[in-house]
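Architecture at a glance
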Amino acid sequence: MVDLSRRRLFTRKAARNDTLRLPWLNAPERFIDQCTQCEECLKACDTQIIVKGDGGFPQVDFSIDECTFCYQCASACPEPLFAAEQNEPWQAKAVINDQCLAQQNVECRSCGEMCDSMAIQFRLEVGRVAQPKLETNQCNGCGACVSVCPTSSINVSNHVA
Ligand code: SF4
Ligand code: SF4
Ligand code: SF4
C-alpha cells in the first residue's frame, strides 16, 4: 500500500521554493506548503502557460507563450494563495545570457520586437551588430521575449533588488 503522507512529503521536498510559479502569489516562499495541486489554475490560464512543474506543483513555462496578466489563475484558485489584482503581480524580470545571437555578432532583434514594455532596446556598437540592452525597471516579467528567442537566451526569474 502506498503511504500517501510520505509521498506528499517527498513531492514537497522535490519542489523548489525559488521557482517562478504564478503571478500575484501572497507568499511565494510558502506556496508549496499551501497549494493542493488541484490544477484549477492550469485549466484557467489564458495562454496555457501553466504546467505541472517540479514536485507536481504549477509553474509558468514561457517557452509556450507569455503571461497576459489576466488574473484567471488567481480567480480560479480555491485556496487563499493570491493577492488582490490591484497589487503588482510579481518581481520577475528577464535576463539575457551570452548565448544571444547579437552577442555573437549575428543580427537578431526578435525579443525587442515582442516587448510591449519597451524594456529591450537595441544599441548600435562600433564593429558589431546592434546589441540588446534590458532595462530591468521597465520589465514586468511577462515572458513574451522568451519563446521568440531562437537560441533560448532569455530566462525570467524572481528578481532580488
Ligand atoms: S495571469 Fe493569466 S496568463 Fe498569466 S499565468 Fe495567470 S492565467 Fe495564465
Ligand atoms: S531574441 Fe535572443 S538571440 Fe535574438 S537578440 Fe534577443 S536575446 Fe539575442
Ligand atoms: S519579460 Fe516581458 S517586459 Fe520583460 S523584457 Fe521580456 S517581453 Fe519585455
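No experiment lies behind these values; they were computed from the predicted model shown. (Residues numbered from 1 in each chain as written. Chains lettered and ligands numbered in written order. Predicted model: local features only at pLDDT ≥ 70, side-chain atom pairs only at ≥ 80, totals over all residues. Heavy atoms only, no water.)

1. Focus: the overall build of the chain
Selection criterion: Note on conventions: DSSP H or I runs of at least 4 residues are helices, E runs of at least 2 residues are strands, and numbering of each starts at the N terminus. A simple rule labels every residue: compare its accessible area, found with a 1.4 Å probe on the protein chains alone, to the largest value its type can have, and call it buried under 20%, exposed over 50%, or partly exposed in between. By the convention used here, residues are in contact when the closest approach between their heavy atoms is within 4.5 Å. Working definition of accessibility: Shrake-Rupley area with a 1.4 Å probe, residue cover restricted to the visible protein chains.
Helices and strands together make up the secondary structure of the chain, namely 5 helices and 6 strands. The order of α-helices and β-strands along the chain, N terminus first, is α-α-α-β-β-α-β-α-β-β-β. Expressed as a percentage of its 161 residues, the buried residues of the chain come to 39%. Long-range pairs, those at least 24 residues apart, make up 58% of the contacts in the chain between residues at least 6 apart in sequence. Per element, the accessible surface of the chain, about 9,500 Å² overall, is 49% carbon and sulfur.

2. Remarks on the site of ligand 2
Our working definition: For this purpose, a residue is taken to be near a molecule or strand whenever a single non-hydrogen atom of the residue falls within 4 Å of it. As a working rule, the residues Ala, Val, Leu, Ile, Met, Phe, Trp, Tyr, Cys and Pro are called nonpolar, Asp, Glu, Lys and Arg charged, and the rest polar, with Gly in that last group.
As a structural note, the neighbourhood of ligand 2 is formed by I96, C100, L101, C108, S110, C111, F122, C149, P150, T151 and I154. Grouping the constituent residues of the shell around ligand 2 by class yields 9 nonpolar, 2 polar and no charged.

3. Details of the site of ligand 1
If you check the shell around ligand 1, you find P23, C45, D46, T47, I50, C67, T68, F69, C70, Y71, Q72 and C73 and nothing else. Looking at side-chain class alone, the shell around ligand 1 contains 8 nonpolar, 3 polar and 1 charged residues.

4. Re the pattern of salt bridges
As a reminder, the rule being used: Salt bridges are defined as contacts in which a side-chain nitrogen from Lys or Arg sits within 4 Å of a carboxyl oxygen from Asp or Glu.
Scanning the entire structure with this criterion turns up 7 salt bridges. Of the charged contacts, one joins R21 and D54 as a salt bridge, the two residues approaching to 2.8 Å between their closest N and O atoms. Here D54 lies in the loop between β1 (50–52) and β2 (58–60) and R21 lies in the loop between α1 (4–14) and α2 (31–34), a separation of 33 residues in the sequence. Residue classification places R21 among the buried residues on the basis of a relative accessible area of 3%. The salt bridge involving E125 is made with K133; its shortest N-O contact spans 3.5 Å. What emerges from the salt-bridge pattern is a single network uniting E125, R128 and K133.

5. A short note on the UniProt feature "binding site: [4Fe-4S] cluster 2" (unreviewed entry) in the chain
Let me state the cut-off plainly: UniProt positions are given in the numbering used here, feature names are shortened, and annotations may be inferred rather than shown by experiment.
Taken from the UniProt record, the annotation "binding site: [4Fe-4S] cluster 2" (unreviewed entry) applies to C67, C70, C73 and C77. With respect to the element layout, C70 can be found in the loop between β2 and α4 (72–76). Within the fold, C73 resides in helix α4. Residue C73 is classed as buried on the basis of its relative accessible area of 7%. Not counting residues within four places of it along the chain, the set of residues in contact with C73 comprises P23, C41, I50 and F82.

6. A look at the pairing of strand β5 (residues 128–134)
What counts here: When DSSP finds at least two bridges between two strands, those strands are taken to pair.
Note that strand β4 (residues 120–125) and β5 share 5 bridges and pair antiparallel. If you follow Q121 over to β5, its bridge partner there is K133. The hairpin formed by β4 and β5 contains 2 residues between the paired strands, and G127 there has a positive phi angle of roughly 75 degrees.

7. Things to note about the UniProt feature "binding site: [4Fe-4S] cluster 1" (unreviewed entry) in the chain
Annotation from UniProt places "binding site: [4Fe-4S] cluster 1" (unreviewed entry) at C35, C38, C41 and C45. Within the fold, C38 resides in the loop between α2 and α3 (40–44). Given a relative accessible area of 35%, C38 falls into the partly exposed group. Beyond its immediate sequence surroundings of up to four residues, C38 is in contact with K43 and P78.

8. Details of the environment of A44
Along the chain, the position of A44 falls in helix α3. Here the alpha-carbon distance between A44 and S75, two residues 31 residues apart in the chain, equals 8.6 Å. Beyond its immediate stretch of four places on either side in the chain, A44 contacts Q72 and A76.

9. Focus: the side chain of R21
Quick note on the threshold: Pairs of N or O atoms within 3.5 Å make up the polar contacts considered here, provided that, within protein, one atom can donate a hydrogen while the other can accept it, and that residues adjacent in sequence are counted only when both atoms are side-chain atoms.
Side chain to side chain, R21 and D54 meet in a polar contact 2.8 Å long. Apart from the residues lying within four places of it in its own chain, the contact partners of R21 are A15, R16, F31, I32, D54, F57, P58, Q59 and V60.

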